[in-house]
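# Topology and contacts: notes
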Amino acid sequence: MDLRQLEYFVAVANAQSFTRAAESLHVSQSTVSAGVKALEREVGVSLIIRTTRQFHLSPAGTEMLMRGQSLLADEQAALAAVRRADGVVSGRLRLGAPTFEPPFDLPDLLARFRQRYPAVELQLISSPTGSVGMRQDVIDNQLDAAFSSDPTPHPALSVREIARTPVVLVVADDHELATQSTVTLADIAEDPFIDFPAGFGLRAIADDAFRAVGLRRSVMVESSTAAMILAFVRNGLGIALLPESAVRQAPGVVTLGLRDAALHWSISLICHQRRWQPPALTALVELLDDAEAEDAGDGDSGKAAGHGDPSRAGRR
């Protein structure tokens, strides 16, 4: 069996699209289609049922997906182990990332990782379903790890908090509350909110806060990016609860504290603790260990990297 053809099939099955699979693999759609057809000829059965309106796996395709992912993982593990034995960290690292600025310097962390481990193929992927989606992608082996804000425990996952930041109320600079420094949840419960869709960690934080005090709020607009939420707020369409780190120096808006709720948004690195981990992920964790040790040496002992100063997470 040609592993390249198997890789094409697995990519198509996971993406539910030949086009998206080709984009993720950086090859042409015709190459992916030909590879999948060749694999089907090899095994002698149809793996994908495709019509003008439908796309789904056949029973054989479902079986091939499960076993194919395992075979490809074994291939990656073998290559990585051989290269690691020669002192080279290589292979692919698939990382889930937030759709907006986290409370630490993620670009700086990844730039230093790339500089230290240039042979690693680093893929940074966001999920349209937020932290819940990335968490499931780690469980399903679509991601090796993810920077997630979903606090829900899972027996197969390990969670390491990286950084946290306060959640603040954001209003337009001409909003009637803009002159105040703090408010209560009751003060803002009747205002229309701009928020992330269900599945995003921040949405859960806001929903839980109002539920805890017996209040309900109305979410008028949903968006998966902080930039769009800020634009709606700036134009007076509603108010929002956002991480303080994401709204620093944002024009046209004002931030207020909450007197009756101490809300924080945290980002954690989540990994599957029961599955083989690529050496590149181990290397990333070691880089985070270095940053945490440096923070401890600066007097931040006991804190995860970046807790005291969001910009310091992962910084050397």
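Below is a summary of the structure that appears in this document. (Residues numbered from 1 in each chain as written. Predicted model: local features only at pLDDT ≥ 70, side-chain atom pairs only at ≥ 80, totals over all residues. Heavy atoms only, no water.)

### Looking at the overall build of the protein chain
A tally of regular secondary structure across the protein chain gives 11 helices and 12 strands. Sorting the 316 residues of the protein chain into buried and exposed places 47% on the buried side. A total of about 15,500 Å² of accessible surface is found on the protein chain, and carbon and sulfur atoms cover 50% of it. (Helix = DSSP H or I, 4+ residues; strand = E, 2+ residues; numbered from the N terminus. Buried < 20%, exposed > 50% of the residue type's maximum accessible area, 1.4 Å probe, protein only. Areas by Shrake-Rupley, 256 points an atom, 1.4 Å probe, with all protein chains shown as cover.)

### As for the packing of helix H1 (residues 3-15) against helix H2 (residues 18-25)
Two elements in contact, H1 and H2, have axes separated by 8 Å at closest approach and are oriented at 125 degrees. With respect to H2, the element H1 is oriented oblique. Remark: the crossing between H1 and H2 carries right-handed chirality. Residue-level contacts link Glu7, Tyr8, Ala11, Val12 and Ala15 of H1 to Phe18, Arg20, Ala21 and Leu25 of H2. Looking at the contact of H1 with H2, its residues break down into 7 nonpolar, no polar and 2 charged. (Axes fitted to C-alpha atoms, helices over the stretch in contact; angles between N-to-C directions. Parallel < 35°, antiparallel > 145°, perpendicular 65-115°, else oblique. Left-handed = near helix turned anticlockwise from the far one by under 90°. Contact = heavy atoms within 4.5 Å. Nonpolar A, V, L, I, M, F, W, Y, C, P; charged D, E, K, R; others polar.)

### Things to note about helix H5 (residues 106-116)
What H5 keeps buried is the set Leu106, Leu109, Leu110, Arg112 and Phe113. Each buried residue of H5 sits inside an arc of 160 degrees when the element is viewed along its axis, so together they form one side. In H5, the exposed residues that point more than 90 degrees away from the buried face are Pro107 and Gln115. Capping of H5 at its N-terminal end is provided by aspartate 105; its side-chain oxygen lies 3.1 Å from the backbone amide nitrogen of aspartate 108. (Arc of directions from axis to C-beta. Polar contact = N/O pair within 3.5 Å; in protein donor to acceptor, adjacent residues only side chain to side chain.)

### Some points on the layout of surface pockets
Put simply, the largest pocket is a space of about 1,400 Å³. Glu7, Arg92, Arg94, Gln123 and Gln142 are, among the 42 residues lining the largest pocket, the residues nearest its centre. Secondary structure elements with two or more residues in the lining of the largest pocket: H1, H2, helix H4 (59-85), strand E3 (91-96), strand E4 (120-125) and helix H6 (130-139). The dominant element in the lining of the largest pocket, judged by the number of residues it contributes, is H4, at 8 residues. Considering only residue class, the lining of the largest pocket consists of 18 nonpolar, 13 polar and 11 charged. (1 Å grid on protein atoms, 1.4 Å probe; cavity = no way out; pocket = protein on both sides within 12 Å on 5 of 7 lines; lining within 4 Å. Points joined across faces, edges and corners; volume = space filled by probe spheres on them.)

### Brief notes about empty space enclosed by the protein
With the rule as written, the count across this model stands at 2 cavities of 30 Å³ or more. As a volume, the largest cavity reaches approximately 110 Å³. If you go around the largest cavity, you meet 17 residues; those closest to its centre are Pro98, Phe100, Ser131, Ser149 and Phe200. Elements supplying a minimum of two residues to the lining of the largest cavity: H6, strand E5 (145-148), helix H8 (201-212) and strand E12 (264-272). For the lining of the largest cavity, the element with the highest residue contribution is H6, accounting for 3 residues. Partitioning the lining of the largest cavity into residue classes produces 10 nonpolar, 7 polar and no charged.

### Quick notes on the packing of aromatic side chains
Under the definition given, this model contains 4 aromatic pairs. Relative to phenylalanine 147, the ring of phenylalanine 104 has its centre 5.6 Å away and its plane inclined at 55 degrees; by these criteria the two rings are tilted. Highlighted residues: phenylalanine 104 in the loop between E3 and H5 and phenylalanine 147 in strand E5, separated in sequence by 43 residues. As far as burial versus exposure is concerned, phenylalanine 104 and phenylalanine 147 are alike and both buried. Ring geometry for phenylalanine 196 and phenylalanine 200: centres 5.4 Å apart, planes at 20 degrees, overall stacked. Residues phenylalanine 196 and phenylalanine 200 agree in their burial class; the two are buried. Lying over the aromatic face of phenylalanine 193, arginine 217 brings its terminal NZ or CZ to 4.8 Å of the ring centre. (Phe/Tyr/Trp six-rings, centres within 6.5 Å; stacked < 30°, edge-to-face > 60°. Lys NZ or Arg CZ within 6 Å of the ring centre and 35° of its normal.)

### Some points on the nonpolar core
Leu93, Leu95, Phe113, Phe147 and Ile188 are the most contacted members of the largest nonpolar core, which totals 64 residues. Not counting residues within four places of it along the chain, the set of residues in contact with isoleucine 188 comprises Leu169, Leu177, Val183, Phe193, Phe210, Ile239 and Leu258. Ala13, Ala22, Leu47 and Met64 belong to the second largest nonpolar core, which has 20 residues in total. (Core = buried A, V, L, I, M, F, W, Y, C linked by side-chain atoms within 4.5 Å.)

### Notes on the environment of glycine 61
Of note, glycine 61 is situated in helix H4. For glycine 61 and serine 46, which are 15 residues apart along the polypeptide, the C-alpha to C-alpha distance reads 7.2 Å. In this structure, glycine 61 is in contact with Phe9 and Leu47, ignoring residues within four places of it in sequence.

### Topic: the environment of histidine 154
Relative to the helices and strands, histidine 154 resides in the loop between E5 and strand E6 (157-172). Excluding residues that lie within four positions of it along the chain, histidine 154 makes contacts with Arg135 and Ile139. Within polar-contact distance, the side chain of histidine 154 engages the backbone nitrogen of alanine 156 at 3.0 Å.

Bear in mind that shape data such as this cannot, by itself, settle questions of function.
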